[in-house]
Amino acid sequence: MVVTSLQRKVTVCSALGLLLLPGCQAADTAEPYAEAIGFISADLPDLHTRTVSVETDHSTVSYRYPVLGESHPLSIQVRTAMAERQTAFLEEAPEGRSPELNQDTELLAASADVIGLRLNVVDSTAQGPESSTLWYDAQGGQVLPWTSLFRDEQALFQAHVDLVDVLRDEYELTDEDLPEPLGEVAAYAEAQAAEQQGRESEDQEDEGRDTKEQPAPTDASGDTEEAEDNDDSDRSDDSDEDESAALPPGEADLTEPEQAQEVADAWADSPLADLAFSTAGGLAVRMDPDQAPGSERDDEALVPIEPESAEETLSELGYQARDAAVHGNASSESLDLGPEATTEGTTLDCAQAKCVALTFDDGPGEHTEALLDSLDDYQAKATFFVLGSLVGEFPDVVERTAAEGHEVANHTWKHDDLATMSDDAIRKDLQRTDDAIEEITGEAPVTMRPPYGSLNATVRSATGHPLILWDVDTMDWQSRDTKAVAKHALAETQTGSVVLFHDIHKSSVDAIPKVLEGLHKEGYHFVTVKDLFGLDGMEAGEVVTDARLN
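Predicted model, so just to flag it, every value in this text is computed and none were measured.

Caption draft 1: Spotlight on the overall build of the protein. When you go through the protein residue by residue, the secondary structure sums to 16 helices and 18 strands. The 550 residues of the protein split such that 50% are buried. Sequence separation of at least 24 residues holds for 69% of the intrachain contacts in the protein that already meet a minimum separation of 6. Accessible surface computed for the protein: about 25500 Å², of which carbon and sulfur atoms make up 44%.

Listed below in structure tokens is the structure:
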């Protein structure tokens, strides 16, 4: 049962003792002010983050995302969204200007029920910073947009009306000064009010006469429309370019991710897309200071919607988010996401992002460390199919490879052709190699690549690993030509490709900086084989060559 507004307000005010915030005021202030709850995720020791940052002559890109537990849905969605934004930025980056893109996250609320994050984007090629929020509903295991904080579309519309009222009454904005879509909201609300008043007057005049005819709804300009035009399915109708797709309010289920996202897209320019909760228990809407003259901050205006107004519009998830923000964010130490919160797992959805897996066979060797240095320059992760017989010769290299986040995988003990071996011999060979790798890295390898790509039914049945082949063969073992190797890799790689190199050849290792530079410039993200296929998984004995999206 939802607690009453009065009870919620008293609890929030008495617990926090905030005297200069809307809803808990003891004295007037020059301008309304809302203190948004939130702190940068880097300040949260229990909520570890990962940063991917690459600086080149062409551009500088960086994004930081939270790690909330192994393959956590919110971590995946945040990182994937950031990766897609980075890809678009790099693909469109102008030559010779060295543009910069920085993406970060801020925690807005955290509890066992809900986690809220603000995504911040600073793009040197754009007009100004951008922000949006995502909310994780633990009960449903779903990541939802900001619209899910509201009960339904009518409540969402009312929240916009509440914001308009604050801007009019407290900031003295005229309707002409209201930023869109708030100006349109105001016009639509006034038209609806005028229509209601007209109906009431008509009812009074025609008292005693029962009428079943109802006037049709009006649009923001006051013109009537047919009732069927108000159906939610007509959001995409662009017959009236002046009317927002968000109006009139429909009947979408805002607890359902796709419908909530559809409504969020319709309200894409809404200031409420970047909202938090104030320490008073209401909403704190971040706006450009130019849109709210007289605000106390130069970087942003925090416009408050008071608790009693907010409570009329919030969904159950919205209540949970507010309670988590008000009561759970007192300090970073109060956030307890469990002992496994630092385990990352797969956090990039390569079914959506532009991923490529660079793979290296036959090592480790004397050139592997130089290769690791090159990969580190681009924060690139790769997969090393190592020979068990060499693991003991280069234990420090293998240990470093795993410690830096690369995948160390099985390439048999000494490169024998598995297709010529018996079932028992294959099992013993692979197990011996697994054991050698696990002794150094602490983890048994997940994937295996048969030497020469040679396999048959016996190999498939004898292995407990997925068998990883490739779709781009640089033929580096044959050409031993650095330029030719790099050129082939750059020309043939597509989204989802698995590219084959051999790190035992210096010519191949020397080609990697050029490969990394070229593919990074095209917006690729360098991932391990496990991460390339990780969200869908791979079965033992399954043969895969690539994860091309087409």
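Caption draft 2: How the structure looks around the confidence of the model for the protein. Overall, the predicted model of the protein reaches an average pLDDT of 84, with 80% of residues at or above 70. For residues 1–29, every residue scores under 50 in pLDDT, and the model assigns this stretch 44 contacts once sequence neighbours within four places are set aside. Here residues 218–243 is modelled with pLDDT under 50, and outside its nearest four sequence neighbours on either side it reaches 41 contacts, counting other chains as well.

Caption draft 3: Expanded view of unusual backbone geometry. Here the residue pair Leu247 and Pro248 is connected by a cis peptide bond, since its omega of -5° sits within 30 degrees of zero. With respect to the helices and strands, Pro248 occurs in the loop between α4 (182–205) and α5 (257–266). In this model, Gly363 is joined to Pro364 through a cis peptide bond whose omega is 0°. As for its position among the elements, Pro364 is in the loop between β11 (355–361) and α8 (368–377). With phi around 80°, Asp362 is a residue other than glycine that occupies positive phi space. Along the chain, Asp362 falls in the loop between β11 and α8. You can call Asp362 buried: its relative accessible area is 13%. Despite not being glycine, Thr412 has its phi angle at roughly 75°, a positive value. Its location among the elements puts Thr412 in the loop between β13 (407–410) and α11 (423–441).

Caption draft 4: Just helix α3 (residues 153–169), in detail. Along its 17 residues, α3 runs 24 Å from first to last C-alpha, staying within 8% of the 24 Å computed at 1.5 Å per residue. Of all 17 residues that make up α3, 12 are buried, and the element is covered over most of its length. The backbone nitrogen of Gln154 lies 3.2 Å from a side-chain oxygen of the residue at the head of α3, namely Asp152.

Caption draft 5: Representation of the sheet that holds strand β10 (residues 301–305). With respect to topology, three strands assemble into an open sheet ordered β8-β9-β10, the strand pairing being antiparallel. Both outer strands of the open sheet, β8 (275–277) and β10, are each paired with one neighbouring strand and no more. Ignoring strand direction, the axes of neighbouring strands in this sheet form an average angle of 30°. Direction of pairing for β8 relative to strand β9 (residues 283–287): antiparallel, over a ladder of three bridges. Its bridge partner being in β9, Phe277 is matched across the sheet by Leu283. Relative to β10, α3 is tilted by about 115°, and along the sheet it contacts β9 and β10.

Caption draft 6: Here's a closer look at the nonpolar core. Trp135, Trp146, Phe150, Leu163, Leu167, Leu272 and Val303 are the most contacted members of the largest nonpolar core, which totals 56 residues. Breaking this core down by element, the ones donating at least two residues are β4 (100–110), α3, α4, α5, β8, β9, β10 and α7 (316–328). Broken down by element, this core gets its largest block of residues, eight residues, from α3. Core analysis: the second largest hydrophobic core is formed by 37 residues, Leu101, Phe360, Phe384 and Ala486 among them.

Caption draft 7: Region of interest: the packing of helix α14 (residues 482–492) against helix α15 (residues 506–521). Two numbers describe how α14 lies on α15: the axes approach to 8 Å, and their chain directions differ by 35°. As α14 runs across α15, the sense of the crossing is right-handed. Every residue of α15 that contacts α14 at Thr482, Val485, Ala486, Ala489 and Leu490 is listed here: Ser507, Asp510, Ala511, Lys514, Val515, Gly518 and Leu519. For the contact of α14 with α15, the class distribution of residues is seven nonpolar, three polar and two charged.

Caption draft 8: Geometry of the pattern of salt bridges. Following the criterion strictly, the structure yields 22 salt bridges and no others. Here Asp274 and Arg118 are joined by a salt bridge, their closest N and O atoms 2.8 Å apart. Here Arg118 lies in strand β5 (residues 114–123) and Asp274 lies in the loop between α5 and β8, a separation of 156 residues in the sequence. For Asp274, a relative accessible area of 10% puts it in the buried group.

Caption draft 9: Examining helix α10 (residues 395–403) more closely. The set of residues buried in α10 consists of Val397, Val398, Arg400 and Thr401. Projected down its long axis, α10 shows its buried positions confined to an angular sector of 165°, all on one face. Those residues of α10 that are exposed and aimed more than 90 degrees away from the buried face are Asp396 and Ala403. Contacts made by the buried residues of α10 are with α8, β12 (383–386), α9 (388–391), β13 and α11.

Caption draft 10: Structural view of a negative patch on the surface. Negative charge collects at one region of the surface, where Asp165, Asp169, Glu170, Glu172 and Glu306 lie side by side. Mapped onto the fold, Asp169 is located in helix α3. Using a relative accessible area of 57% as the deciding quantity, one classes Asp169 as exposed.

Caption draft 11: Region of the structure containing the pairing of β12. Of the two faces of β12, the one lined by Thr383 and Phe385 and the one lined by Phe384 and Val386 are each fully buried. In the sheet, β11 pairs with β12 via three bridges, with the strands oriented parallel. Along β12, the bridge assignment pairs Asp361 with Phe385. Assessed by its sense of winding, the connection that carries the chain from β11 through α8 to β12 is right-handed.

Caption draft 12: Spatial organisation of the environment of Ser278. As for its position among the elements, Ser278 is in the loop between β8 and β9. Between the C-alpha atom of Ser278 and that of Leu302, which follows or precedes it by 24 residues, the distance is 9.1 Å. Those residues in contact with Ser278 that lie beyond four places of it in its chain are Ala34, Glu35, Ile37, Leu283, Ala284 and Val326.

Caption draft 13: Looking closely at the state of the cysteines. Counted by the stated rule, this structure contains one disulfide. Covalently, Cys350 is tied to Cys355 through a disulfide, its sulfur atoms 2.2 Å apart. Between Cys350 and Cys355, the disulfide has an S-S torsion of -80° and is therefore left-handed. Taking relative accessible area as the criterion, Cys355 reaches 0% and is therefore assigned buried.

Caption draft 14: Quick peek at the environment of Ala273. On the secondary structure map, Ala273 appears in the loop between α5 and β8. Residue class for Ala273 comes out buried when judged on its relative accessible area of 11%. In the structure, Ala273 is positioned 126 residues away from Thr147 in sequence and 7.7 Å away in space, judged by C-alpha atoms. The residues touching Ala273, leaving out its near neighbours within four places in the chain, are Ser132, Thr133 and Trp146.

Reading the values: the criteria
Residues numbered from 1 in each chain as written. Predicted model: local features only at pLDDT ≥ 70, side-chain atom pairs only at ≥ 80, totals over all residues. Heavy atoms only, no water. Helix = DSSP H or I, 4+ residues; strand = E, 2+ residues; numbered from the N terminus. Buried < 20%, exposed > 50% of the residue type's maximum accessible area, 1.4 Å probe, protein only. Contact = heavy atoms within 4.5 Å. Areas by Shrake-Rupley, 256 points an atom, 1.4 Å probe, with all protein chains shown as cover. pLDDT = per-residue confidence, 0-100. Expected span 1.5 Å × (residues − 1). Polar contact = N/O pair within 3.5 Å; in protein donor to acceptor, adjacent residues only side chain to side chain. Pairing = 2+ DSSP bridges. Axes fitted to C-alpha atoms, helices over the stretch in contact; angles between N-to-C directions. Core = buried A, V, L, I, M, F, W, Y, C linked by side-chain atoms within 4.5 Å. Left-handed = near helix turned anticlockwise from the far one by under 90°. Nonpolar A, V, L, I, M, F, W, Y, C, P; charged D, E, K, R; others polar. Salt bridge = Lys/Arg side-chain N within 4 Å of Asp/Glu carboxyl O. Arc of directions from axis to C-beta. Patch = residues over 30% accessible without salt bridge, like charges linked within 9 Å, V, L, I, M, F, W, Y side chains within 5 Å. Lys, Arg positive; Asp, Glu negative; His and termini not counted. Charge placed at Lys NZ, Arg CZ, Asp CG, Glu CD. Right-handed = clockwise from strand over helix to strand, strands pointing away. Disulfide = S-S within 2.5 Å.

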